[in-house]
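Working through the structure, step by step
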Amino acid sequence: MASGSPRRLSLLRESGFDVEVVNNKTIDESHLNILNPFEVPLILSQRKAMAYKDVVKERKIPLLAADTVVILDGDILEKPKTQSDAIEMLKQLSGKIHYVVTGVTIIFSKGERSSFYETTKVKFGNLTDNIINWYILNYKPFDKAGAYGIQEWIGLVGIEKIEGDFYNVMGLPVHRLIEKLTEIPEERFQKL
């Protein structure tokens, strides 16, 4: 897996996959601001996967890469850099609908590639300053797109409605991934 996300790693392992993490390359994220924001995570997952094509070819193992973004009013909310960034993001999300989009790419040792994306619609209820501040102070969501983790306290008390895959909001649409993997011929997964 080409990701440093502990949530993705946990979801894959809980799904029964034997996973090894490879994640030390810098990925080019330039020129993405000209794209439709819903296309960005798919392109980033492809870039991440292709950065490791040499590892895949050498070790003859498949590699999964994923990228998740939060989109509010047509703009991507990045991971917050500071506490004030996180506060501002959660205030923007308060009482509104946003979209969480995860792009997933799997590459194989013979250069084949399979990519897809999943979108989940999420609505926060109105978040008070006390809720926002307590969450940030206690959970420090600085490694999460949109400054929140749905599986954490803020998801329990703040999410009013969700349409789509809950695990997609955590960072990996596991159900869709399993569906896609069952469509791929088994010989692609066998070591040569």
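Our subject in this report is the structure included herewith. For clarity, every value in this text was computed on a predicted model and none was experimentally measured. (Residues numbered from 1 in each chain as written. Predicted model: local features only at pLDDT ≥ 70, side-chain atom pairs only at ≥ 80, totals over all residues. Heavy atoms only, no water.)

Another point: the pattern of salt bridges. Scanning all chains against the criterion turns up 10 salt bridges. A salt bridge links aspartate 143 to arginine 7, with the shortest nitrogen-to-oxygen separation between them at 3.3 Å. In this pair, aspartate 143 sits in the loop between helix H5 (129-139) and helix H6 (153-158) while arginine 7 sits in helix H1 (residues 6-14), placing the two residues 136 residues apart along the sequence. Residue classification places aspartate 143 among the partly exposed positions, given a relative accessible area of 34%. The exposure class assigned to arginine 7 is buried, which follows from its relative accessible area of 16%. (Salt bridge = Lys/Arg side-chain N within 4 Å of Asp/Glu carboxyl O. Helix = DSSP H or I, 4+ residues; strand = E, 2+ residues; numbered from the N terminus. Buried < 20%, exposed > 50% of the residue type's maximum accessible area, 1.4 Å probe, protein only.)

Next up on the list: H5. Among the residues of H5, Ile132, Tyr135 and Ile136 are the ones counted as buried. Burial along H5 is one-sided: seen end-on, the buried residues are contained in an arc of 95°. In this structure, H5 carries Asn130 and Leu137 as exposed residues pointing more than 90 degrees from its buried face. Residues of H5 that are buried make contact with helix H4 (83-93) and H6. A positive backbone phi angle near 45° is found at lysine 140, which sits one or two residues after H5. (Arc of directions from axis to C-beta. Contact = heavy atoms within 4.5 Å.)

Attention now goes to the sheet that holds strand E5 (residues 159-163). The sheet built from 5 strands is open, its strands ordered E2-E1-E3-E4-E5 with antiparallel pairing. On the outer flanks of this sheet lie strand E2 (75-77) and E5, each paired with one strand and no other. Within the sheet, the average angular offset between the axes of one strand and its neighbour, ignoring direction, is 35°. Examined bridge by bridge, strand E1 (residues 63-72) and strand E3 (residues 97-107) share 9 bridges and lie antiparallel to one another. Looking at the pairing, valine 70 lines up with valine 100 of E3. (Pairing = 2+ DSSP bridges. Axes fitted to C-alpha atoms, helices over the stretch in contact; angles between N-to-C directions.)

In contact at an axis separation of 10 Å, H4 and H5 are set at 140° when each is read in the N-to-C sense. Between H4 and H5, the crossing angle belongs to the class labelled oblique. Crossing of H4 against H5: the hand is right-handed. Counted together, Gln83, Ala86, Ile87, Leu90 and Lys91 of H4 and Asp129, Ile132, Asn133, Tyr135 and Ile136 of H5 form the full contact between these two elements. Residues that form the contact of H4 with H5 fall into these classes: 6 nonpolar, 2 polar and 2 charged. (Parallel < 35°, antiparallel > 145°, perpendicular 65-115°, else oblique. Left-handed = near helix turned anticlockwise from the far one by under 90°. Nonpolar A, V, L, I, M, F, W, Y, C, P; charged D, E, K, R; others polar.)

Glancing now at unusual backbone geometry. Even without being a glycine, aspartate 73 presents a positive backbone phi close to 50°. Positionally, aspartate 73 belongs in the loop between E1 and E2. The backbone of lysine 140 shows a phi angle near 45°, a positive value even though the residue is not glycine.

On to the pairing of E1. Of all the 10 residues making up E1, 10 are buried; the element is thus mostly covered by neighbouring parts of the structure. Across the two faces of E1 the burial is the same, with Leu63, Ala65, Asp67, Val69 and Ile71 and Leu64, Ala66, Thr68, Val70 and Leu72 all buried. Examined bridge by bridge, E1 and E2 share 3 bridges and lie antiparallel to one another. Bridging from a neighbouring strand, leucine 72 pairs with aspartate 75 of E2. Remark: 2 residues form the turn of the hairpin made by E1 and E2, two consecutive strands paired antiparallel; aspartate 73 in that turn has positive phi of roughly 50°.

Note that all results are geometric; they support no functional claim without further evidence.
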